[in-house]
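# A structural walkthrough
Here's the letter readout for the chains.
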Amino acid sequence: MTTKTITWRLRTLMAERGMFKTTDLLEPLNAEGVALSREQVFRLVTQTPQRLNVEVLAALCTILDCTPSDLLVLEQAAARSVQATGTSGRIEDIGDLRPVAARIQRPKL
């Protein structure tokens, strides 16, 4: 089974264009008609967004002279098999350990 991973390349594209601070995007975004707070711009630069407004995407592409596929890179990754916590191998490798039958007794009244 394969899963898709999204790589958000905004910070890389900014650095390639000499923009090293998140606040370097505030004025260009305002010039494009996108009003974001400093905190919103910081999150946009430092984290992969869960949702992205199309107007913000278009403004970023205009500012950075790039395409959406330059900002968002989709990669297929093979799903890793998950091993249960606490197991270091196959279940047959438990040695002399065997389950103990439980005894259920009625409480004395």
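The preceding data block contains the structure.
A brief report on the enclosed structure follows. Everything quoted here is computed from the prediction, not taken from an experiment.

On to the nonpolar core, then. With 20 residues, the main nonpolar core has Leu10, Met14, Leu25, Leu29, Leu60, Leu64 and Leu71 as its most contacted residues. Looking at this core, the elements with two or more residues in it are helix 1 (10-16), helix 2 (26-31), helix 3 (38-46) and helix 4 (54-64). In terms of residues, this core owes the most to one element, helix 4, which gives six residues. If we ignore the near neighbours within four places in the chain, the residues touching Leu60 are Trp8, Leu10, Leu25, Leu29, Leu44, Cys66 and Leu71.

A few words now on helix 4. Every α-helical turn comprises 3.6 residues, leaving residues that sit three or four positions apart pointing alike. Every buried residue belonging to helix 4 is among Val56, Leu57, Ala59, Leu60, Cys61 and Leu64, and all of these are buried. N-capping of helix 4 is provided by Asn53, with a side-chain oxygen placed 2.7 Å from the backbone N of Glu55. The positive-phi residue at the C-terminal boundary of helix 4 is Asp65, with phi of around 50°.

Looking now at the state of the cysteines. Evaluation of the coordinates by the stated rule reveals zero disulfides. Sulfur of Cys66: no disulfide; nearest cysteine sulfur belongs to Cys61 and is 4.3 Å away.

With that settled, the discussion passes to the pattern of salt bridges. Counting across every chain of the model gives two salt bridges. Its salt-bridge partner being Glu16, residue Arg9 comes within 3.9 Å of it at the nearest N-O pair. We note a salt bridge from Arg17 to Glu16, for which the minimum N-O separation is 3.4 Å. The partly exposed category is assigned to Arg17, whose relative accessible area is 36%.

Before going further, it helps to examine the environment of Phe42. Mapped onto the fold, Phe42 is located in helix 3. Taking the relative accessible area as the measure of exposure, Phe42 reaches 45% and is therefore partly exposed. Sequence spacing of Phe42 and Lys21 is 21 residues, and the spatial spacing of their C-alpha atoms is 9.0 Å.

The subject of this paragraph is the environment of Pro49. One can find Pro49 in the loop between helix 3 and helix 4. With 43 residues separating them along the chain, Pro49 and Ile6 place their C-alpha atoms 9.9 Å apart. Aside from chain neighbours lying at most four places away, what touches Pro49 is Trp8 and Leu44.

Together, Ile6, Leu52, Leu72 and Leu74 give the surface a local cluster of nonpolar side chains, amounting to about 340 Å² of exposed area. Inspection of the secondary structure puts Ile6 in strand 1 (residues 2-8).

Definitions and cut-offs
Residues numbered from 1 in each chain as written. Predicted model: local features only at pLDDT ≥ 70, side-chain atom pairs only at ≥ 80, totals over all residues. Heavy atoms only, no water. Core = buried A, V, L, I, M, F, W, Y, C linked by side-chain atoms within 4.5 Å. Buried < 20%, exposed > 50% of the residue type's maximum accessible area, 1.4 Å probe, protein only. Helix = DSSP H or I, 4+ residues; strand = E, 2+ residues; numbered from the N terminus. Contact = heavy atoms within 4.5 Å. Polar contact = N/O pair within 3.5 Å; in protein donor to acceptor, adjacent residues only side chain to side chain. Disulfide = S-S within 2.5 Å. Salt bridge = Lys/Arg side-chain N within 4 Å of Asp/Glu carboxyl O. Patch = residues over 30% accessible without salt bridge, like charges linked within 9 Å, V, L, I, M, F, W, Y side chains within 5 Å. Areas by Shrake-Rupley, 256 points an atom, 1.4 Å probe, with all protein chains shown as cover.

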